[in-house]
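# Structural characterization, general
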Amino acid sequence: MNKIAVVGAGISGLSMANYLEKHKIDYHIYERRKKEDLAGHGFLIPEEGIEYLTQIIDRSQLFEHGRFLKKYIQYSHTGNKLAEKDLHNVFATSRHSLINLLTQNIPHEKITYEETVTPRNTEKGKLKHSDGNYIDADIAIISDGSKSRIRKSLFQDEKMRQVQENEVVNIIKNRELADSVENDFIKFHHEKGGLTFGILKLSEDTILWYSQFDNQKYRINECSAENLKNYMLEIFDNWHPLVPAIIRKSDYKNVHLWCVYELEELNPFYKDNIVFIGDAAHPLIPFTSQGVTSALKDSFFLTKYLVEEENYAKAFSRYESERKPEIEIHINNGRALLNQFLLPVSQYSENILPISYK
Ligand SMILES: Cc1cc2nc3c(=O)[nH]c(=O)nc-3n(C[C@H](O)[C@H](O)[C@H](O)COP(=O)(O)OP(=O)(O)OC[C@H]3O[C@@H](n4cnc5c(N)ncnc54)[C@H](O)[C@@H]3O)c2cc1C
């Protein structure tokens, strides 16, 4: 088997490494961040994602680090119940826990942290270490996230655009507030549209909350933690009392405003000996809740075809044919979910689930 370099140790790079490890294929991962830098939020993972995840990490350990949610309940901003749906084994967990679990099976000598890989001379499929030397690999698997610099250098005509939505995501440890929330996914919606507040319980004493803003109506820019908190308190002031209570009691140290981007059109998923997985191949907007599952499936199928095919060109081509059609469905579903979010609640369609299913 050829020498493999994996660039990026987020969910997709780490799941790729786990699948390669499972098939005893040699690789090395290069990651820009420090090992302990695990800032981030949490994920909703549909049942299919859990099936792929439990092929590479221990089921019982995973289930200790999150919760299955029973129902999705939609409320108006003042707390009138609008609709409810059963959730079929949708799991909620923090990014921190998932990254830790995925890192556990990878021998430490196979990851180099604080190593930013740069694209140089990529037409010949060459990538560079931060010290300027070329990376010694026959295949590069790129998992450097939605704003991939390596992708941009290969596909210079690509067009990224900002989506009409920003998010603030936070995790709060507070037993009293957690006790007031069942194992349900609850979401409050402003009746005029374009503003929501979602709550998920991660454990007995921890909840994850997130807020989605129409960024044409709510023009918040990246600002200090204190200003963000004040702004949140101002706009959620007259909402159901649980919402301002959570906002008030949260610590804003690790919170920032997510600006969401998408590609106008997908690029090819590979070029020469370089192949893209996860958000680097296909940024998916958060409305789909399919980023993690898609990253896992990319890693599963890419590994499968690398094992089955006699050369990487065939493996990459089968990988792209397998994954692209499904990703296109999620992109379209995500756009439909975004359009619905921007509408007044009275114009919502019946399919209320904030998850894209193929
Ligand atoms: C607000 C928000 C909410 C979301 N909610 C959900 C959800 O509920 N469910 C869900 O499934 N998905 C969700 N997603 C999407 C999900 O977060 C992503 O799809 C998933 O994390 C993609 O992982 P990745 O590994 O492809 O990219 P990333 O997590 O971005 O990882 C990329 C890694 O590459 C490293 N890197 C970057 N450049 C370099 C370089 N040059 N050299 C070396 N390393 C580099 C970075 O440090 C990083 O560790 C959400 C996203 C956002 C923004």
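Above this text is the structure in question.
Residues numbered from 1 in each chain as written. Predicted model: local features only at pLDDT ≥ 70, side-chain atom pairs only at ≥ 80, totals over all residues. Heavy atoms only, no water.

Attention shifts here to the packing of helix α1 (residues 11-22) against helix α4 (residues 95-104). Direction vectors running N to C along α1 and α4 enclose 25°, while the axes themselves pass 9 Å from each other. Our classification of the angle between α1 and α4 gives roughly parallel. In the packing of α1 onto α4, the handedness of the crossing is left-handed. Contact residues: α1 offers I11, L14, S15 and N18, while α4 offers L98, I99, L102 and T103. Along the lines of polarity and charge, the residues of the contact of α1 with α4 split into five nonpolar, three polar and no charged. (Axes fitted to C-alpha atoms, helices over the stretch in contact; angles between N-to-C directions. Helix = DSSP H or I, 4+ residues; strand = E, 2+ residues; numbered from the N terminus. Parallel < 35°, antiparallel > 145°, perpendicular 65-115°, else oblique. Left-handed = near helix turned anticlockwise from the far one by under 90°. Contact = heavy atoms within 4.5 Å. Nonpolar A, V, L, I, M, F, W, Y, C, P; charged D, E, K, R; others polar.)

Attention shifts here to the site of the ligand. Around the ligand sit 30 residues in total, of which S12, E31, R95, D279 and V292 are the nearest. Residue E31 places a side-chain N or O atom 2.6 Å away from an oxygen atom belonging to the ligand. G291 places a main-chain nitrogen or oxygen 3.2 Å from an oxygen atom of the ligand. With the chains in place, 88% of the 1,000 Å² that the ligand exposes on its own is no longer accessible. Secondary-structure elements contributing two or more residues to the shell around the ligand are α1, β3 (42-45), β10 (160-173) and α9 (291-308). Taken together, the residues of the shell around the ligand sort by class into 11 nonpolar, 11 polar and eight charged. (Near = heavy atom within 4 Å. Polar contact = N/O pair within 3.5 Å; in protein donor to acceptor, adjacent residues only side chain to side chain. Areas by Shrake-Rupley, 256 points an atom, 1.4 Å probe, with all protein chains shown as cover.)

Side chains of nonpolar character tend, in soluble globular proteins, to be buried together. Among the nonpolar cores identified, the biggest contains 64 residues, and L98 and I141 are the most heavily contacted of them. Judged by nonpolar contacts, the second largest core, of 31 residues, contains I186, I199, I220 and I246. (Core = buried A, V, L, I, M, F, W, Y, C linked by side-chain atoms within 4.5 Å. Buried < 20%, exposed > 50% of the residue type's maximum accessible area, 1.4 Å probe, protein only.)

It is worth spelling out the packing of α9 against helix α10 (residues 312-342) at this point. Contact geometry of α9 with α10 gives a least axis separation of 8 Å together with a crossing angle of 155°. The angle between the axes of α9 and α10 places the two elements in the roughly antiparallel class. Crossing handedness for the pair α9 and α10: right-handed. The segment α9 lies against α10, with S294, K297, D298, F301, L302, Y305, L306 and E308 engaging Y312, A315, F316, R318, Y319, E322, R323, E326, I327 and H330. Its residues placed into classes, the contact of α9 with α10 shows nine nonpolar, two polar and seven charged.

The next point concerns α9. End to end, α9 covers 26 Å across 18 residues, agreeing with the expected 26 Å (1.5 Å per residue, within 8%). Where burial is concerned, most of α9 is hidden: 13 out of the 18 residues are buried. (Expected span 1.5 Å × (residues − 1).)

Once that is clear, we can look at the packing of aromatic side chains. Inspection of every chain in the model, using the stated rule, returns 21 aromatic pairs. On the basis of an interplanar angle of 75° and a centroid distance of 5.7 Å, the ring pair of Y19 and F300 is categorised as edge-to-face. Taken together, the residues span a long stretch of sequence, with Y19 in helix α1 and F300 in helix α9 at a distance of 281 residues. Take Y19: its relative accessible area is 1%, and that puts it in the buried class. For F300, a relative accessible area of 21% gives the class partly exposed. Each residue in the set F197, W209, F213, Y218, F236, W239 and Y252 is aromatic and connected to the rest through ring pairs, giving one cluster. (Phe/Tyr/Trp six-rings, centres within 6.5 Å; stacked < 30°, edge-to-face > 60°.)

Further remarks concern the sheet that holds strand β6 (residues 111-112). Read from one edge to the other, the open sheet built from six strands follows the order β6-β2-β1-β9-β16-β15, with strand pairing classed as mixed. Each having just a single partner strand, β6 and β15 (270-271) make up the two edges of the open sheet. Bridging between strand β1 (residues 4-7) and strand β2 (residues 28-30) involves three bridges; their strand directions are parallel. Each residue of the ladder has a partner; that of V7, found in β2, is Y30. Running over the sheet, α10 touches β9 (139-142), β15 and β16 (274-276) and is turned about 20° from β16. (Pairing = 2+ DSSP bridges.)

What follows deals with the pattern of salt bridges. Any two side chains of opposite charge can pair, given that their charged atoms come close. Within this structure, the stated rule accounts for 23 salt bridges. The salt bridge involving E31 is made with R33; its shortest N-O contact spans 3.8 Å. Overall, E31 belongs to the buried group, its relative accessible area being 9%. For R33, a relative accessible area of 15% corresponds to the buried category. Salt bridges linked by common partners bring E48, K297, D298, R323 and E326 together as one network. (Salt bridge = Lys/Arg side-chain N within 4 Å of Asp/Glu carboxyl O.)

This brings us to the pairing of strand β5 (residues 81-94). The sheet contact formed by β3 and β5 spans four bridges and is antiparallel. Considered in β5, the bridge of I45 is made with F91. Counting the residues in the hairpin turn of strand β4 (residues 66-76) and β5 gives four residues, including G79, whose phi is positive at 110°.

As summarised here, the arrangement of the eight strands in space is β3-β5-β4-β11-β12-β13-β10-β14, forming an open sheet in which the pairing is mixed. Single-partner strands in this sheet number two, and they are β3 and β14 (257-263). On average, each strand axis in the sheet is inclined to that of its neighbour by 30°, with strand direction left out of account. The sheet contact formed by β10 and strand β13 (residues 206-213) spans eight bridges and is antiparallel. Residue pairing across strands places E167 opposite Q212, the latter belonging to β13. Against the sheet, helix α8 (residues 242-249) contacts β10, β11 (185-189), β12 (195-203) and β13, and its axis sits at roughly 70° relative to β12.

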